[in-house]
Amino acid sequence: MTQYETAVARYFEAWNATSPEARAKAVAAAWTEDGSYTDPLAQARGHEQVAAVIAGAQEQFPGFEFRLTGPVDGHHDTARFSWELVSLADGSAPVAATDVVVLAEDGRISSVLGFLDRVPTTG
């Protein structure tokens, strides 16, 4: 596994950790202490704020799992990848996105920039 694939695997462990304790541990393993997460709907810095964003997404989409949808592409200290938010009940995926991460020297994420490719529509 490349350093990029390892970082992205830890990223998904954090996003899919359902208990507060497991989530805190996974976020600390994936992000640097002052690491950030930014997408069109959220902006967070530090473990506590990143964990809160993840918890909020899980509350909004109970019974869903974040899944990688293709290869992880990386060079230097930067990687990009795409993912979907998949229903464990029926396999639907109402949310899809592409994220770009910058890695610190220790291999953890220092920043994430997320771009939403597909979001649910409200009627």
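Everything numeric here is computed off the predicted structure, so don't read it as measured data.

Thresholds, definitions, all that
Residues numbered from 1 in each chain as written. Predicted model: local features only at pLDDT ≥ 70, side-chain atom pairs only at ≥ 80, totals over all residues. Heavy atoms only, no water. Helix = DSSP H or I, 4+ residues; strand = E, 2+ residues; numbered from the N terminus. Contact = heavy atoms within 4.5 Å. Pairing = 2+ DSSP bridges.

### What about the side chain of Thr-32?
And step 1. Mapped onto the elements of the fold, Thr-32 is located in strand β1 (residues 31–39).
And step 2. Once you skip the residues sitting within four places of it in the chain, Thr-32 turns out to touch His-47, Ala-104, Asp-106, Arg-108, Ile-109 and Ser-110.

### Quick look at the pairing of strand β6 (residues 95–103)
And step 1. In the sheet, strand β5 (residues 78–87) pairs with β6 via eight bridges, with the strands oriented antiparallel. Pairing of Phe-81 across the sheet is with Asp-99, part of β6.
And step 2. Examined bridge by bridge, β6 and strand β7 (residues 109–118) share eight bridges and lie antiparallel to one another. Among the inter-strand pairings, Ala-96 is bridged to a residue of β7, identified as Arg-118.
And step 3. Hairpin connection from β6 to β7: five residues lie between these consecutive antiparallel strands, with Gly-107 at a positive phi of about 90 degrees.

### Some remarks on the environment of Gly-114
And step 1. Relative to the helices and strands, Gly-114 resides in strand β7.
And step 2. Gly-114 sits 33 residues away from Phe-81 along the chain, and the two C-alpha atoms are 9.8 Å apart.
And step 3. Discounting residues that sit within four places of it in the chain, Gly-114 has contacts with Thr-38, Asp-39, Pro-40, Thr-98 and Asp-99.

Everything listed here is a matter of coordinates, which is why it stays silent on function.
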